[in-house]
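Listed below are the residues making up each chain.
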Amino acid sequence: MKAFVFPGQGAQFVGMGKDLYDNNPIAHDLFEKANEILGFRITDLMFNGTDEDLRQTAVTQPAIFLHSVILAKTLGDEFKPEMVAGHSLGEFSALVAAGAMAFEDGLRLVSARAKAMQKACELKPSTMAAVLALPDETVEEICAGIDGVVVCANYNCPGQIVISGEIEAIDAACEKLLAAGAKRALKLKVGGAFHSPCMEPARAELASAIEATEFKTPVCPVYQNVDARPHTDPAEIKANLVAQLTAPVRWTQSVKNMIADGATEFVELGPGKVLQGLVAKIDRNMVISGRQ
């Protein structure tokens, strides 16, 4: 059984999507439609911008979404998903690719999400840190004992967790995690504390936009970040998307559940190879490939 997975923020690179734009009429038209919807030429930044341009949340999120979704739409009969999942932002790509919402609606929501998250980042200094080579339970216990906001934000693969929260709390947690035997506890170059209570203002803002958007039953189950479970009911999908902003990305659990439900092959659609690497660390027996 083939599972398609879609990357999140951090997978972007200058030149992403240019081959699609240049060589596929369907892709060309969808990219141009995106430029119109967004009100600026995101293609110029994707194809010829700087790394700095692409690191701005308001650019990064729509850029990765567009690359992933347009790629899926150009695959034709090759894209016949039996299950899909996306990492954080990638969940929106997965939902559009699986027919749960229209391309235009998905792009508008991703753009609104990026702007809301950027605003939330500016309200309170916050950050994230990658923690390597500690059991999940140890990281959770240490975070729970720190004053201030610091939580597990991304369960990426066994031995790799990203924590998220207020800067002082992250610093204190990193110190204790290293003392507990972490191979690394390294702050990331991100704008703020994604998937933590610090994103509450963004969650509230995005909730009304999601509620106003039409969702349909997807063509296959979508394994959502919040509970790592398969969903096809539009109301459940909406509720989980809203909750996602302040809840952890349960990627390890999602991949394990997809495998338990019959997945034998994973195909990553979009920029980079991050998810291919994570799936390989979760289960070395999987057939793994990617398209970009």
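The notes below deal with the structure included here.

**Examining the overall build of the chain**
Looking only at helices and strands, the chain has 13 helices and 10 strands in total. Its C-alpha radius of gyration of 18 Å places the chain within 12% of the 19 Å reference for a compact globule of 292 residues. Expressed as lengths along the three principal axes of its C-alpha atoms, the size of the chain is roughly 55 × 40 × 35 Å. The 292 residues of the chain split such that 54% are buried. Looking at the chain alone, contacts between residues at least 24 apart form 72% of all its contacts between residues at least 6 apart. Per element, the accessible surface of the chain, about 12,200 Å² overall, is 50% carbon and sulfur. Charged side chains in the chain number 27 positive and 36 negative. The centres of these two groups are separated by 3 Å.

**Re helix H8 (residues 136-144)**
Here H8 has its buried residues at Val139, Ile142 and Cys143. Down the axis, H8 shows its buried residues gathered within 100° of arc, on one side only. Every exposed residue of H8 that faces more than 90 degrees away from the buried side is listed here: Glu141 and Ala144. Tucked into the core, H8 has its buried residues touching strand S3 (126-132), strand S4 (150-157), strand S5 (160-166) and helix H9 (167-179).

**Some thoughts on the nonpolar core**
Core analysis: the largest hydrophobic core is formed by 60 residues, its most contacted members being Phe6, Phe65, Leu66, Phe103 and Leu269. Counting residues in each nonpolar core, the second largest holds 19 residues, with Ala129, Val131, Leu134 and Ala182 among its members.

**Description of the packing of aromatic side chains**
We describe a pair of aromatic rings using the distance from one ring centre to the other and the angle between the two ring planes. One pass over the full model with this rule turns up 5 aromatic pairs. For the pair phenylalanine 65 and phenylalanine 103, a centre-to-centre distance of 6.3 Å together with 25° between the ring planes defines the contact as stacked. Remark: phenylalanine 103 occurs in helix H7 (residues 103-123) and phenylalanine 65 occurs in helix H5 (residues 57-74); sequence separation between them is 38 residues. Aromatic ring contacts, followed pair by pair, group Tyr21, Phe31 and Phe47 into a single cluster.

**What about the side chain of serine 126?**
Take serine 126: it is sitting in strand S3. Using a relative accessible area of 7% as the deciding quantity, one classes serine 126 as buried. Among the polar contacts listed, one links the side chain of serine 126 to the backbone nitrogen of alanine 193, at a separation of 3.0 Å. Among all residues touching serine 126, those that are not within four sequence positions of it are Gly165, Glu166, Ile167, Gly191, Gly192, Ala193 and Cys198.

**As for unusual backbone geometry**
Unusually for a residue other than glycine, alanine 133 sits at a positive phi of about 70°. You can see alanine 133 is positioned in the loop between S3 and H8. Residues other than glycine seldom take positive phi values, yet alanine 228 does so here, at roughly 65°. For alanine 228, the position within the fold is in the loop between strand S7 (222-223) and strand S8 (230-231).

**Looking at the packing of H5 against H7**
In contact at an axis separation of 8 Å, H5 and H7 are set at 155° when each is read in the N-to-C sense. Taken as axis vectors, H5 and H7 run roughly antiparallel relative to one another. Crossing geometry of H5 relative to H7 is assigned as right-handed. Contacts between H5 and H7 involve Thr57, Ala58, Gln61, Pro62, Phe65, Leu66, Val69, Ile70 and Lys73 on the former and, on the latter, Phe103, Gly106, Leu107, Val110, Ser111, Arg113, Ala114, Met117 and Gln118. Split by residue class, the contact of H5 with H7 holds 11 nonpolar, 5 polar and 2 charged.

**Remarks on the sheet that holds strand S1 (residues 2-6)**
Hydrogen bonds between backbone atoms are what pair the strands of a sheet, whose relative direction is either parallel or antiparallel. Across the sheet, 6 strands lie side by side as S8-S7-S2-S1-S9-S10; this open sheet has mixed pairing. Edge positions in the sheet fall to S8 and strand S10 (287-291), since each has one partner strand and no second. Where strand S9 (residues 265-269) meets S10, 5 bridges bridge the pair, whose relative direction is parallel. Bridge pairing links valine 267 to serine 289 in S10. Helix H6 (residues 90-97) rests against S1, strand S2 (83-86) and S7 of the sheet, and its axis sits at about 150° to S2.

**A few points about the pairing of S9**
The buried fraction of S9 amounts to 4 of the 5 residues, a majority that puts the element mostly inside the structure. In terms of strand pairing, S1 meets S9 through 4 bridges, oriented parallel. Residue pairing across strands places valine 5 opposite glutamate 268, the latter belonging to S9. The parallel pair S9 and S10, bridged by helix H13 (residues 274-282), forms a crossover whose chirality is right-handed.

Basis of the calculations
Residues numbered from 1 in each chain as written. Predicted model: local features only at pLDDT ≥ 70, side-chain atom pairs only at ≥ 80, totals over all residues. Heavy atoms only, no water. Helix = DSSP H or I, 4+ residues; strand = E, 2+ residues; numbered from the N terminus. Rg over C-alpha atoms; globule rule 2.2 N^0.38 Å. Buried < 20%, exposed > 50% of the residue type's maximum accessible area, 1.4 Å probe, protein only. Contact = heavy atoms within 4.5 Å. Areas by Shrake-Rupley, 256 points an atom, 1.4 Å probe, with all protein chains shown as cover. Lys, Arg positive; Asp, Glu negative; His and termini not counted. Charge placed at Lys NZ, Arg CZ, Asp CG, Glu CD. Arc of directions from axis to C-beta. Core = buried A, V, L, I, M, F, W, Y, C linked by side-chain atoms within 4.5 Å. Phe/Tyr/Trp six-rings, centres within 6.5 Å; stacked < 30°, edge-to-face > 60°. Polar contact = N/O pair within 3.5 Å; in protein donor to acceptor, adjacent residues only side chain to side chain. Axes fitted to C-alpha atoms, helices over the stretch in contact; angles between N-to-C directions. Parallel < 35°, antiparallel > 145°, perpendicular 65-115°, else oblique. Left-handed = near helix turned anticlockwise from the far one by under 90°. Nonpolar A, V, L, I, M, F, W, Y, C, P; charged D, E, K, R; others polar. Pairing = 2+ DSSP bridges. Right-handed = clockwise from strand over helix to strand, strands pointing away.

Just distances and angles here, no functional claims.
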